[in-house]
Amino acid sequence: MRQFIVEADGGSRGNPGPAGYGAVVLDGRTGEPLAEAAEYIGIATNNVAEYKGLIAGLNAAKALDPAAGIRVRMDSKLVVEQMSGRWKIKHPDMKPLAAEAARIFPAGQVTFEWIPRERNKHADRLANEAMDAGRNGGQWDPSASTAALDASAARAATTAAEAGEAVGRAAQTERTEAASSVSASSDSAPSVSAPASSASVGWGSSADLGAPVTFVLLRHGETALTPEKRFSGSGGSDPELSAAGRRQAEAVAASLAARGTIQEIVSSPLRRCRETAGTVAARLGLDVTAEEGLRETDFGAWEGLTFAEVRERYPDDLSAWLASPDVAPTGGGESFTAVGRRVAAVRDRLLERYRGRTVLVVTHVTPVKTLVRLALGAPPESLFRMELSAASLSAVAYYADGNVSVRLLNDTSHLR
């Protein structure tokens, strides 16, 4: 029986946003690329694009030999675990895609393996080529693809690095054996050999994925509008911190300085965030980078009003807004769906920019809640079910395999 390796990936620039997938079929014995597939699929999520990539890769393998044994390798933990039957498939968009993938080959012919992102470069490159083509109004052109060349260069670099590591291990072995020989010939000390290292396996194991990107999410300190619970977004005035807000900023700066974990600071461009971030930056000796995508929602005609005032003046608009994330506030405001796309885009940029770093993200209520919601895979209505105090801290960690962990929410212990 022939053996094929299917490597697949998908991506979305916005999640959801413009999306594409890539897949490559490799000879299981030689690693030679046998077939490639890529496509721009319009607006979709990362997970949908990853499943589409899996389906394309399996179909390409079946066209080569429907009797072949298939080893699927992907950097999507979700797809691998769901297709392996270890995780339930709950999302309605995923169920038909998973079922379609499962029908292509008999279950006994296919195995699934998670691999780190850096080992999935070929499929990743194809997916990005597809998304680039879609951005330019077209579809992926195999004749213009450089994915195979890029992957070949990456494999060569990996092989060279592994060879260097092997030389280093051999030298270390020689040194250890020499030390053991000297120790064994001495009457004054027993011979000592270094214990063999053993990797933890199963639930106790810890994959060597490197340090995650950690976002420490800081809501800005109070303004004059905060205690009155007035809508304060990015479409009205740009209030400064109140005296209470400045004290809160000093308190959080002292707390973060004591922890000593912050390596970078990014901030919404609005004044209340810049002031909060500046106070922390001065204490930590860091610079602040402004990110337009971190600004608060534009609340349109509701800016400066309390919830009760909005309900009195715009009752129908408020009801519609509460019922659907696609509805914008009165007067050209911004819907939560639009905010979600914007925040997801800036999240992806920051993850790429600050790999392995701990980043203080100084922003507003909606962006913080949106980042937490996306990390949890929670529905949009969860935005109304989170409490987020002024100058509170939350934290989300993003791992190299795509997993995300919410570590903290609405911590105000530094203000007590």
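Everything numeric here is computed off the predicted structure, so don't read it as measured data.

For the rest of this paragraph, the subject is the sheet that holds strand β4 (residues 69-74). The strand order across the open sheet built from 5 strands is β3-β2-β1-β4-β5, with neighbouring strands paired in mixed fashion. A strand with exactly one partner marks an edge of an open sheet, and here the two such strands are β3 (33-44) and β5 (110-114). Neighbour-to-neighbour, the strand axes of the sheet open up by a mean angle of 20°, direction not taken into account. Taken strand by strand, helix α1 (residues 46-64) contacts β1 (3-12), β2 (17-27), β3, β4 and β5, and its axis lies near 155° from that of β1. Each of β1, β2 and β3 is contacted by helix α4 (residues 121-135), which is oriented at about 145° to β2, the strand it contacts most.

Under the defined criterion, the tally for this structure stands at 21 salt bridges. Measuring nitrogen to oxygen at the nearest pair gives 2.7 Å for the salt bridge that ties E81 to R86. Residue R271 is joined to E275 by a salt bridge in which the shortest nitrogen-to-oxygen separation is 3.1 Å. Of this pair, R271 and E275 are both found in helix α7 (residues 271-284), 4 residues apart, which corresponds to roughly one turn of the helix. The exposure class assigned to R271 is partly exposed, which follows from its relative accessible area of 34%. Salt bridges sharing common partners tie together E292, R295, E334 and R342.

The next point concerns a nonpolar patch on the surface. Judged by side-chain polarity, F307, L322 and F384 come together as a nonpolar surface patch covering roughly 260 Å² of accessible area. The residue L322 is located in helix α9 (residues 315-323) in this model.

Let us look at the side chain of T370. Examined against the element boundaries, T370 turns out to sit in helix α11 (residues 365-376). T370 gets classed as buried once you look at its relative accessible area, which sits at 3%. Here T370 is in contact with V339, G340, V343 and L383, once residues within four sequence places are set aside.

One way to put it is that α1 packs onto helix α3 (residues 94-104) with a least axis distance of 9 Å and a crossing angle of 15°. On the basis of their axis angle, the class for α1 and α3 is roughly parallel. Note on packing geometry: the crossing formed by α1 with α3 is left-handed. Between α1 and α3, the residues in contact are N47, V48, Y51, K52, L54, I55, L58, N59 and K62 and M94, L97, A98, E100, A101 and I104, respectively.

This next bit is on the environment of A63. Inspection of the secondary structure assignment puts A63 in helix α1. Judged by relative accessible area, A63 falls into the exposed class, the value being 68%. Placed 28 residues apart in sequence, A63 and A35 show a C-alpha to C-alpha distance of 9.6 Å.

Turning next to the packing of aromatic side chains. All told, the structure shown has 8 aromatic pairs when counted by the stated rule. Between W302 and W321 the ring centres are 5.1 Å apart and the planes differ by 90°, which places this aromatic pair in the edge-to-face class. Within this pair, whereas W302 is found in the loop between β8 (288-290) and α8 (307-313), its partner W321 is found in helix α9, the two being separated by 19 residues in sequence. Each residue in the set F231, F299, W302, W321, F336 and F384 is aromatic and connected to the rest through ring pairs, giving one cluster.

Residues annotated by UniProt as "active site" (unreviewed entry) correspond here to H220 and E296. Spatially, the listed residues are clustered: although they cover 77 residues, their C-alpha atoms lie within 10.9 Å of one another. As for its placement among the helices and strands, H220 is situated in the loop between β6 (213-219) and α6 (243-259). Discounting residues that sit within four places of it in the chain, H220 has contacts with R272, C273, T276, T363, H364, A390 and A391. A polar contact of 3.3 Å, which involves the side chain of H220, links it to the side chain of R272. Inspection of the secondary structure assignment puts E296 in the loop between β8 and α8. Given the relative accessible area of 4%, E296 is considered buried. Setting aside its immediate chain neighbours within four residues, E296 contacts S232, G233, S234, L270, R272, E334, R342, H364, V365, T366 and P367.

Right, let's talk about α7 for a bit. Between its terminal C-alpha atoms α7 stretches 20 Å, which fits the 20 Å expected from 14 residues at 1.5 Å a residue. Taken as a whole, α7 has its buried residues at R272, C273, T276, A277, T279, V280 and A281. Here the buried face of α7 lies against β6, α6, β7 (264-267), β8 and β9 (358-363). Just beyond α7, the residue with positive phi is G285, at close to 75°.

Reading the values: the criteria
Residues numbered from 1 in each chain as written. Predicted model: local features only at pLDDT ≥ 70, side-chain atom pairs only at ≥ 80, totals over all residues. Heavy atoms only, no water. Pairing = 2+ DSSP bridges. Helix = DSSP H or I, 4+ residues; strand = E, 2+ residues; numbered from the N terminus. Axes fitted to C-alpha atoms, helices over the stretch in contact; angles between N-to-C directions. Contact = heavy atoms within 4.5 Å. Salt bridge = Lys/Arg side-chain N within 4 Å of Asp/Glu carboxyl O. Buried < 20%, exposed > 50% of the residue type's maximum accessible area, 1.4 Å probe, protein only. Patch = residues over 30% accessible without salt bridge, like charges linked within 9 Å, V, L, I, M, F, W, Y side chains within 5 Å. Areas by Shrake-Rupley, 256 points an atom, 1.4 Å probe, with all protein chains shown as cover. Parallel < 35°, antiparallel > 145°, perpendicular 65-115°, else oblique. Left-handed = near helix turned anticlockwise from the far one by under 90°. Phe/Tyr/Trp six-rings, centres within 6.5 Å; stacked < 30°, edge-to-face > 60°. UniProt positions renumbered as here; feature names shortened; annotations may be inferred. Polar contact = N/O pair within 3.5 Å; in protein donor to acceptor, adjacent residues only side chain to side chain. Expected span 1.5 Å × (residues − 1).

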